[in-house]
Amino acid sequence: MPIYEYQPIQAGCSYCGKGFDVLQKISEPPLQHCPRCGARVRRVISSFSACVSEPAGEAASLDSRLNGYESEGKWSHAAEMADKAGLKERAMDDYKKAGYNF
Ligand SMILES: [Zn+2]
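Residues numbered from 1 in each chain as written. Predicted model: local features only at pLDDT ≥ 70, side-chain atom pairs only at ≥ 80, totals over all residues.

(A) Broad picture of the packing of helix 2 (residues 75-84) against helix 3 (residues 88-97). Direction vectors running N to C along helix 2 and helix 3 enclose 160 degrees, while the axes themselves pass 8 Å from each other. Relative to helix 3, the element helix 2 lies roughly antiparallel. Helix 2 and helix 3 meet at a crossing whose hand is left-handed. Here helix 2 contributes Trp 75, Ala 78, Ala 79, Ala 82 and Asp 83 to the contact with helix 3, which in turn contributes Arg 90, Ala 91, Asp 94, Tyr 95 and Lys 97. A per-class count over the contact of helix 2 with helix 3 returns six nonpolar, no polar and four charged. (Axes fitted to C-alpha atoms, helices over the stretch in contact; angles between N-to-C directions. Helix = DSSP H or I, 4+ residues; strand = E, 2+ residues; numbered from the N terminus. Parallel < 35°, antiparallel > 145°, perpendicular 65-115°, else oblique. Left-handed = near helix turned anticlockwise from the far one by under 90°. Contact = placed C-beta atoms within 7 Å. Nonpolar A, V, L, I, M, F, W, Y, C, P; charged D, E, K, R; others polar.)

Shown next, in the form of structure tokens:
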């Protein structure tokens, strides 16, 4: 079950005043009110999960796209992508396979 982070829209109690986390099922509707004082709250995207999931997802998709180009023999495409991603050795390797000479 994911942990959702809530922040009060109006002045809350000591529990919700600075935001709080709730373990909820994905199918559960978001909370509208603090369970303790009833102040209105809104759900916010947790900065923790956003930080962790984004770079990993990008790296995975970059790698799979590189593998795709390489398996299709599109060496210059793969080289350019690897170069932009800072993968210098892989870029050099792909440039050589593409027929470039350094
Ligand atoms: Zn409260």
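(B) Region of interest: the confidence of the model for the protein chain. With 85% of its residues at a pLDDT of at least 70, the protein chain reaches an overall mean of 86. Mean pLDDT across the secondary structure elements of the protein chain bottoms out at helix 1 (residues 47-72), with 71, and peaks at helix 3, with 94. Taken as a whole, residues 49-54 scores under 50 in pLDDT and shows one contact with residues more than four places along the chain or in a different chain. (pLDDT = per-residue confidence, 0-100.)

(C) Seen up close, helix 2. Regarding helix 2, the residues found buried are Ala 78, Ala 79, Met 81 and Ala 82. Down the axis of helix 2, the buried side of the element spans an arc of 170 degrees, and every buried residue falls inside it. Positive phi appears at Gly 86, one or two residues downstream of helix 2, with a value of about 85 degrees. (Buried ≥ 20, exposed ≤ 12 C-beta atoms within 10 Å, placed from the backbone. Arc of directions from axis to C-beta.)

(D) Summary view of the nonpolar core. Core analysis: the biggest nonpolar cluster contains five residues, these being Leu 66, Ala 78, Ala 79, Met 81 and Ala 82. The leading source of residues in this core is helix 2, at four residues. Leave out the neighbours within four places in its chain, and Ala 82 touches Leu 66, Leu 87, Arg 90, Ala 91 and Asp 94. (Core = buried A, V, L, I, M, F, W, Y, C linked by C-beta atoms within 7 Å.)

(E) Highlighting the environment of Lys 74. Position of Lys 74 relative to the elements: it lies in the loop between helix 1 and helix 2. Distance in space between the C-alpha atoms of Lys 74 and Lys 97 is 9.2 Å, their sequence separation being 23 residues.

(F) Focus on the sheet that holds strand 3 (residues 41-44). Spatial ordering of the open sheet is given by 2-1-3, a layout of three strands whose pairing is antiparallel. A strand with exactly one partner marks an edge of an open sheet, and here the two such strands are strand 2 (20-23) and strand 3. Averaged over neighbouring strand pairs, the angle between their axes works out to 40 degrees when direction is ignored. One ladder, built from four bridges, connects strand 1 (residues 3-8) with strand 2; its direction is antiparallel. The residue of strand 2 that forms the bridge with Tyr 6 is Phe 20. (Pairing = 2+ DSSP bridges.)

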